[in-house]
Amino acid sequence: MPPPIKGSVGITPTGALGVSLFYHLSQQLQKIDGRVFFLERQGSPSCATLRQKGELLIADARTVHHLPTQSLFKPNLLASFEATSLPEVLLVCPNPDQLLGVISEYVALMEAAYEAGELETLPLPVVVLCSNGIYFQRIRQIYIEKIEEATLLGRLPDLWPDLMPRIVGRLLRGVTIQTAVREGSGPGTIYRPGPRGITRIAGGDAISRERACALLAGLGGWFELAAHSSATRLEFDKAMVNLASNLLGQLYAIDDSGNFTLLRINQIIVPEHEPEIRNLCLHVFAVGRAVRAYEATDEFDALFERLKLTLQPHASHTPSSLQWIALRLRTGSLDLSVPPTEAWLLDPLIRYARSAQLDEAVQYFEDLKERLLEKLRRLAGTAGLHPAAAS
């Protein structure tokens with residue numbers, strides 16, 4: 001069978017982030033030429049629903065676009081391998097708790113390639129994990145363990161020392177600030193891509209990083225190589241940016257009376273908020289240093305200034321979590337739980353801080369969660385909603 005289709009990009013699944021990346025990689029839907037497409041996630045009910053309906057709805061400032069799924073959707077990894085339609089690069093964008101399923105499917109793809117006698121040529125796409133959160137080291141370790149388990153069971157050959165580094169080197173991390181909003185559910189779902197946001201690529205080997213970045217940028221996406229190859233460091237950097245704009249943004253957007261104002265980044269990152277933003281970033285930095293995402297020689301002040309510069313090109317953006325709240329208010333579906341964007345950052349930070357015995361940091365992040373939940377309770381009360389409390 002031939003190798004993956006050179007110059008092509010697959011995206012899985014068809015969630016808000018994946019659709020937003022598709023929108024910008026297809027040059028705002030102006031160049032849909034088959035080079036960028038969706039790969040169905042094995043067993044995904046949302047993909048099955050969209051395929052049955054026959055169209056994907058994407059809304060922008062122009063109109064609501066009705067895109068036929070027949071030309072945009074390809075089957076899952078194994079079926080695409082059999083149909084010789086694997087992409088050269090695969091952007092993986094599910095919720096972080098669904099990443100293990102994608103990794104298991106990728107290992108099964110390796111097993112199929114071995115059974116077909118083609119593993120030596122590595123007919124596998126470069127995988128870029130784009131989901132929000134702090135998880136790369138853990139996912140990479142599980143990936144290696146799954147490969148070694150398959151070797152133990154005879155489904156793969158011994159890959160050391162030649163193939164294993166090349167295989168693991170194809171697993172990359174794409175840390176993105178691309179925003180998107182999903183409205184509704186089922187066949188009537190409408191996706192609203194946010195403005196073009198930067199995605200920085202780290203992890204894996206240099207060849208895979210450079211090729212993936214060149215391909216994605218060449219298609220019109222805003223992709224850059226990270227200054228450091230460490231994916232975990234990049235995740236901690238992003239955690240500071242994300243929590244400052246999304247979590248603190250919610251605290252500033254909901255006043256003490258429970259009134260909500262939709263804020264842009266340039267209304268959140270302002271001088272009067274800087275002491276609190278700096279304190280938040282200091283706590284993230286302390287946890288990052290404890291798990292060696294940062295070196296002892298890294299200086300917080302320099303990092304903090306760089307992070308503020310990172311947000312400048314996106315000053316007019318509205319953070320995704322504030323869009324999430326605005327949508328829930330419009331639909332009367334607000335729930336009293338930490339939004340996913342924040343939960344996938346706060347929970348790992350608390351876990352790492354607890355492991356490093358950083359008790360003050362644990363308490364700080366727990367208090368942030370409670371402050372956010374209290375603001376959401378006040379918002380729900382003012383809006384006359386009676387959502388269920390978080391479990």
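Parameters at a glance
- Residues numbered from 1 in each chain as written.
- Predicted model: local features only at pLDDT ≥ 70, side-chain atom pairs only at ≥ 80, totals over all residues.
- Heavy atoms only, no water.
- 1 Å grid on protein atoms, 1.4 Å probe; cavity = no way out; pocket = protein on both sides within 12 Å on 5 of 7 lines; lining within 4 Å.
- Points joined across faces, edges and corners; volume = space filled by probe spheres on them.
- Helix = DSSP H or I, 4+ residues; strand = E, 2+ residues; numbered from the N terminus.
- Nonpolar A, V, L, I, M, F, W, Y, C, P; charged D, E, K, R; others polar.
- Expected span 1.5 Å × (residues − 1).
- Buried < 20%, exposed > 50% of the residue type's maximum accessible area, 1.4 Å probe, protein only.
- Arc of directions from axis to C-beta.
- Core = buried A, V, L, I, M, F, W, Y, C linked by side-chain atoms within 4.5 Å.
- Contact = heavy atoms within 4.5 Å.
- Lys, Arg positive; Asp, Glu negative; His and termini not counted.
- Salt bridge = Lys/Arg side-chain N within 4 Å of Asp/Glu carboxyl O.

**A word on empty space enclosed by the protein**
Line of reasoning, step 1. The full count for this structure, using the stated rule, is 6 cavities of 30 Å³ or more.
Line of reasoning, step 2. The computed volume of the largest cavity comes to approximately 60 Å³.
Line of reasoning, step 3. As for the largest cavity, its lining consists of Met240, Val241, Ala244, Ile269, Ile277, Cys281, Phe304, Leu307, Lys308 and Leu311.
Line of reasoning, step 4. Of all the secondary-structure elements, those providing two or more residues to the lining of the largest cavity are α9 (231-253), α11 (274-290) and α12 (300-311).
Line of reasoning, step 5. Considering each element in turn, the lining of the largest cavity owes the most residues, 4 residues, to α12.
Line of reasoning, step 6. Considering only residue class, the lining of the largest cavity consists of 9 nonpolar, no polar and 1 charged.

**Description of helix α8 (residues 206-218)**
Line of reasoning, step 1. With 13 residues, α8 extends 18 Å from end C-alpha to end C-alpha; this agrees with the ideal 18 Å at 1.5 Å per step.
Line of reasoning, step 2. Three or more residues of α8 are buried, namely Ser208, Arg209, Ala212, Cys213, Leu215 and Leu216. Looking straight down α8, one finds its buried side chains confined to an arc of 165°; they lie on one side. What points out from α8, more than 90 degrees from its buried face, is the exposed set Ile207 and Gly218.

**Thoughts on the environment of Pro45**
Line of reasoning, step 1. As for its position among the elements, Pro45 is in helix α2 (residues 45-53).
Line of reasoning, step 2. Along the primary structure Pro45 and Thr341 are separated by 296 residues, whereas in three dimensions their C-alpha atoms are 22 Å apart.

**A short note on the nonpolar core**
Line of reasoning, step 1. One finds Phe365 and Leu376 to be the most contacted residues of the largest nonpolar core, which totals 47 residues.
Line of reasoning, step 2. Taken together, the elements giving at least two residues each to this core come down to α9, α11, α12, α13 (320-331), α14 (340-355) and α15 (359-383).
Line of reasoning, step 3. Per-element tally for this core: the top contributor is α15, with 10 residues.
Line of reasoning, step 4. Dropping the residues within four chain positions of it, Phe365 is found in contact with Leu280, His283, Val284, Val287, Leu346, Leu349 and Ile350.
Line of reasoning, step 5. Counting residues in hydrophobic clusters, the runner-up holds 40 residues, among them Ala112, Leu129, Tyr143 and Ala231.

**Overview of the side chain of Asp237**
Line of reasoning, step 1. Within the secondary structure layout, Asp237 lies in helix α9.
Line of reasoning, step 2. Summary of buried charges: Asp237 has no salt-bridge partner, and the nearest side chain of opposite charge, Arg233, is 4.2 Å away.
Line of reasoning, step 3. Look past the residues within four positions of Asp237 in its chain and what remains in contact with it is Tyr294, Leu303 and Leu307.

**Some points on the layout of surface pockets**
Line of reasoning, step 1. One number sums up the size of the largest pocket: a volume of about 1100 Å³.
Line of reasoning, step 2. Forming the walls of the largest pocket are 43 residues, and the residues nearest its centre are Ala16, Leu17, Ala180, Thr341 and Trp344.
Line of reasoning, step 3. Looking at the lining of the largest pocket, the elements that each hand over two or more residues are α1 (16-25), α2, β9 (180-183), α9, α13 and α14.
Line of reasoning, step 4. By residue class, the composition of the lining of the largest pocket is 19 nonpolar, 20 polar and 4 charged.

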